[in-house]
Amino acid sequence: MANSALVWLASVCLVFNIFSLPFLALGLSSCGGSCQTLNDCEGQLICINGKCNDDPEVGTHICGGNSSTPSPPPPSTCQPSGTLACKGGKPKNTYTCSPPVTSSTPAVLTNNNFEKGGDGGGPSACDNKYHDNSERIVALSTGWYNGGSRCGKMIQITGQNGRSVLAKVVDECDSMHGCDKGHAGQPPCDNNIVDGSNAVWNALGLDINIGEVDVTWSMA
């Protein structure tokens, strides 16, 4: 009888351990907690160097107040592919890539003349045509242009003054080549440029004479 009781007790303990293991495995670490994989951290936190921390790609600041585990800076994934110097000018980095496109992509808005004889050089890369500056159109840096995959698509550009405008992608702001006639003698574009027509600048209420302003953009 005593042996039967011991067998029954052992069976109950075994069943309890089996069912409790999954629940123990569900314990997730918070900010600064130990981790081995992404699944070890709660919410939007990720595992960085064995500690749960903010995801720099998402831009969360959940652990911002934890001074012992500060959020690391976002990784620099887009590196220069080389340099190019126009005659008499300083070398400029060239790029085949651009920063990742998000719902609010930081960029520098510049001004481009898309008409024949303008500072845009040759015709637009998307349709091999020149365009009137009254059109709300843009050229994107090589990485964002992405081999023409965004040709004809609309993007939304937002200025720091809160105003927004929809503009159509018609050209590439070449981040690899420049200094020749086809580029109106201009050096390569930086990898974070939205090169807008006069109409884009006017719609945003910006002074074209400034030349460059910080904006954000996203696919419309």
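Being a predicted model, the structure only gives us computed values, none of them experimental.

Peer 1: It is not clear to me how the layout of surface pockets should be interpreted in this structure. Could you clarify?
Peer 2: Gaps left between atoms are located by rolling a probe of water-molecule size over the structure's atoms. In this structure, the largest pocket occupies an estimated 570 Å³ of space. Residue lining of the largest pocket: 26 residues in total, with Cys173, Asp174, Gln186, Cys189 and Asp195 positioned closest to the centre. Considering every element that reaches the lining of the largest pocket, the biggest residue donor is strand β8 (residues 164–173), with 3 residues. Split by residue class, the lining of the largest pocket holds 8 nonpolar, 10 polar and 8 charged.

Peer 1: Could you clarify how one ought to interpret the pairing of strand β7 (residues 154–159) in this entry?
Peer 2: Two faces, one strand: in a regular strand the side chains alternate between the faces of the sheet. Residues Ile155, Ile157 and Gly159 line the buried face of β7, whereas the alternating positions Met154, Gln156 and Thr158 sit on a face that is not buried. Taken together, the 5 bridges between β7 and β8 define a ladder with antiparallel strand orientation. When the sheet's bridge partners are listed, methionine 154 is paired in β8 with lysine 168. Turn length for the β7-β8 hairpin, with the two strands adjacent in sequence and antiparallel, is 4 residues, and the turn residue glycine 162 shows positive phi of about 90°. Relative to strand β10 (residues 212–219), β7 runs antiparallel, the two sharing 5 bridges. Directly across from glutamine 156, in β10, lies its bridge partner serine 218.

Peer 1: Just to check I follow, could you spell out the pattern of salt bridges for this structure?
Peer 2: Opposite charge on two side chains allows them to pair when their charged atoms are near. Applying the stated criterion to the full structure yields 1 salt bridge. Between lysine 92 and aspartate 190 there is a salt bridge, with the nearest N and O atoms lying 3.3 Å from each other. Within this pair, whereas lysine 92 is found in strand β4 (residues 92–94), its partner aspartate 190 is found in the loop between β8 and β9 (193–196), the two being separated by 98 residues in sequence. Lysine 92 gets classed as partly exposed once you look at its relative accessible area, which sits at 25%.

Peer 1: Help me understand the state of the cysteines, please; the structure alone is not making it clear to me.
Peer 2: A covalent bond between the sulfur atoms of two cysteines is referred to as a disulfide. Counted according to the given criterion, the structure contains 4 disulfides. The disulfide partner of cysteine 86 is cysteine 179, and the gap between their sulfur atoms is 2.0 Å. Note on the cysteine 86 and cysteine 179 pair: the S-S dihedral is about -85°, so by sign convention the disulfide is left-handed. Remark: cysteine 179 occurs in the loop between β8 and β9 and cysteine 86 occurs in the loop between β3 (82–84) and β4; sequence separation between them is 93 residues. What pairs with cysteine 173 in a disulfide is cysteine 189, and their sulfur atoms sit 1.8 Å apart. Classification of the bridge connecting cysteine 173 and cysteine 189 rests on its S-S torsion, roughly -65°, and on that basis the disulfide is left-handed. Remark: cysteine 189 occurs in the loop between β8 and β9 and cysteine 173 occurs in strand β8; sequence separation between them is 16 residues. Grouping residues by exposure puts cysteine 173 and cysteine 189 together as buried.

Peer 1: What's the story with the environment of asparagine 146 in this structure? I'm lost.
Peer 2: In this structure, asparagine 146 sits in the loop between α2 (142–145) and β7. With a relative accessible area of 45%, asparagine 146 lands in the partly exposed category. A C-alpha to C-alpha distance of 9.1 Å links asparagine 146 and threonine 96, two positions 50 residues apart in sequence.

Peer 1: Even after reading the chapter, I still don't get the pairing of β10, so can you show me in this structure?
Peer 2: As paired elements, strand β5 (residues 105–111) and β10 share 6 bridges and run antiparallel to each other. Counted as the bridge partner of valine 108 is aspartate 214 from β10.

Peer 1: In this structure, what is going on with unusual backbone geometry? I would like to understand it.
Peer 2: Negative phi characterises most residues that are not glycine, and trans characterises most peptide bonds. A positive phi is found at asparagine 128, a non-glycine position, where the angle reads about 60°. Judged by relative accessible area, which is 58%, asparagine 128 ranks as exposed.

Peer 1: Help me understand the sheet that holds β7 in this model?
Peer 2: Strands in a sheet are paired, the pairing made by backbone hydrogen bonds, and the direction either parallel or antiparallel. If you trace the 6 strands once around the closed barrel, you get β5-β9-β6-β8-β7-β10, paired in mixed fashion. Between one strand and the next, the sheet's axes are offset by a mean angle of 45°, whatever the strand orientation. The pairing of β5 with β9 spans 4 bridges and is parallel. Paired with valine 108 across the two strands is isoleucine 193, which belongs to β9.

Thresholds, definitions, all that
Residues numbered from 1 in each chain as written. Predicted model: local features only at pLDDT ≥ 70, side-chain atom pairs only at ≥ 80, totals over all residues. Heavy atoms only, no water. 1 Å grid on protein atoms, 1.4 Å probe; cavity = no way out; pocket = protein on both sides within 12 Å on 5 of 7 lines; lining within 4 Å. Points joined across faces, edges and corners; volume = space filled by probe spheres on them. Helix = DSSP H or I, 4+ residues; strand = E, 2+ residues; numbered from the N terminus. Nonpolar A, V, L, I, M, F, W, Y, C, P; charged D, E, K, R; others polar. Buried < 20%, exposed > 50% of the residue type's maximum accessible area, 1.4 Å probe, protein only. Pairing = 2+ DSSP bridges. Salt bridge = Lys/Arg side-chain N within 4 Å of Asp/Glu carboxyl O. Disulfide = S-S within 2.5 Å. Axes fitted to C-alpha atoms, helices over the stretch in contact; angles between N-to-C directions.

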